Amino acid sequence: MADLAIDGGKKVREQPWPARRLFGVEEKAAAVALFDRCLETGGVFGYNGPEEEAYRAAFAAYHGGGLAHAVNSGTSAVLSALAGLGLEPLSEVIVPPITDPGGVMPVVFLNCVPVVADAAPGSYNLSVDGIRAVISPRTKAILVGHIAGEPCDMDPILALAR
């Protein structure tokens, strides 16, 4: 195994992460327009409003069609994705060894069984060998987390899943 960067090994990133810039002028204008409409009408905004519907339609179209559902968190996103699979209770879902509770709890919420697979050597991410070691006839899904900004090696995982 190679030395860690702190011990003189090669750095994963040579350049710092770019600024996230979550909001720009367009986002600010959209938020102000939303608040102005609420002030004018005396109404409130919430889920399933016209802005969300437009965003969902644009997002689905960008990805070639299908259904898009807006959620408030990564936990809700995982829950929605797993629920969309229609897994039967007690189905096994392979999960990463390192994550926060929100990355695994949706499995339990759906009455399924989380099965922890081992990480790749020198990484916090799932390994294809770790996944292969825990697959059973009850395995119905694999949840992959890309931990600490390091993406999983998805090609072998996807090949195994197929």
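Report on the accompanying structure. Every value quoted in this text rests on a predicted model; they were computed, and no experiment measured them.

**Things to note about the overall build of the protein**
Here is step 1: Scanning the protein from N- to C-terminus turns up six helices and three strands.
Here is step 2: Compactness check: the protein gives a C-alpha radius of gyration of 20 Å against a globular reference of 15 Å for 162 residues, more than 25% above the reference.
Here is step 3: Expressed as lengths along the three principal axes of its C-alpha atoms, the size of the protein is roughly 60 × 45 × 30 Å.
Here is step 4: Here the contacts in the protein between residues at least 6 apart in sequence split such that 43% fall between residues at least 24 apart.
Here is step 5: Looking at the protein as shown, the accessible area adds up to about 11,800 Å², and 60% of this sits on carbon and sulfur atoms.
Here is step 6: Of the charged side chains in the protein, 12 are positive and 18 negative, and the gap between their average positions amounts to 2 Å.

**Focus on the side chain of Ser91**
Here is step 1: Mapped onto the elements of the fold, Ser91 is located in the loop between helix H3 (74–84) and strand S1 (92–95).
Here is step 2: Judged by its relative accessible area of 5%, Ser91 is buried.
Here is step 3: Apart from residues lying up to four places away in sequence, Ser91 is in contact with Cys112, Val113, Arg138 and Lys140.

**Describing the sheet that holds S1**
The strands that make up a sheet are held in pairs by hydrogen bonds between backbone atoms, and each pair lies either parallel or antiparallel.
Here is step 1: If you walk across this open sheet you meet the three strands as S2-S1-S3, and the pairing is parallel. Looking along the sheet, the strands with just one partner apiece sit at the ends: strand S2 (113–116) and strand S3 (139–142). Neighbour-to-neighbour, the strand axes of this sheet turn through a mean angle of 35 degrees, independent of strand direction.
Here is step 2: Direction of pairing for S1 relative to S2: parallel, over a ladder of four bridges. Bridged to Val95 within S2 is Val116.

**A closer look at the packing of aromatic side chains**
Here is step 1: Per the stated rule, a full pass over the model turns up one aromatic pair.
Here is step 2: Between the aromatic rings of Tyr55 and Phe59, the centroid separation amounts to 6.0 Å while the plane-to-plane angle is 25 degrees, which identifies the pairing as stacked. With Tyr55 and Phe59 both in helix H2 (residues 50–62) and four residues apart, the pair spans about one turn of that helix.
Here is step 3: Given a relative accessible area of 52%, Tyr55 falls into the exposed group.
Here is step 4: Residue Phe59 is classed as partly exposed on the basis of its relative accessible area, which comes to 39%.

**Remarks on the side chain of Glu92**
Here is step 1: In this fold, Glu92 is placed in strand S1.
Here is step 2: A polar contact of 2.7 Å, which involves the side chain of Glu92, links it to the side chain of Ser136.

**Examining the pattern of salt bridges**
Here is step 1: This structure, assessed with the given rule, holds four salt bridges.
Here is step 2: Residue Glu53 is joined to Arg56 by a salt bridge in which the shortest nitrogen-to-oxygen separation is 3.4 Å. Within this pair, Glu53 and its partner Arg56 are both found in helix H2, separated by three residues, close to a single helical turn.
Here is step 3: Given the relative accessible area of 15%, Arg56 is considered buried.
Here is step 4: The closest approach of N and O atoms between Arg132 and Asp129, which form a salt bridge, is 2.9 Å. Of the two residues, Arg132 and Asp129 both sit in helix H5 (residues 128–134), three residues apart, roughly one turn of that helix.
Here is step 5: Classification of Arg132 by relative accessible area gives partly exposed; the value is 46%.
Here is step 6: With relative accessibility at 52%, the residue Asp129 sits in the exposed group.

What counts, and at which threshold
- Residues numbered from 1 in each chain as written.
- Predicted model: local features only at pLDDT ≥ 70, side-chain atom pairs only at ≥ 80, totals over all residues.
- Heavy atoms only, no water.
- Helix = DSSP H or I, 4+ residues; strand = E, 2+ residues; numbered from the N terminus.
- Rg over C-alpha atoms; globule rule 2.2 N^0.38 Å.
- Contact = heavy atoms within 4.5 Å.
- Areas by Shrake-Rupley, 256 points an atom, 1.4 Å probe, with all protein chains shown as cover.
- Lys, Arg positive; Asp, Glu negative; His and termini not counted.
- Charge placed at Lys NZ, Arg CZ, Asp CG, Glu CD.
- Buried < 20%, exposed > 50% of the residue type's maximum accessible area, 1.4 Å probe, protein only.
- Pairing = 2+ DSSP bridges.
- Axes fitted to C-alpha atoms, helices over the stretch in contact; angles between N-to-C directions.
- Phe/Tyr/Trp six-rings, centres within 6.5 Å; stacked < 30°, edge-to-face > 60°.
- Polar contact = N/O pair within 3.5 Å; in protein donor to acceptor, adjacent residues only side chain to side chain.
- Salt bridge = Lys/Arg side-chain N within 4 Å of Asp/Glu carboxyl O.

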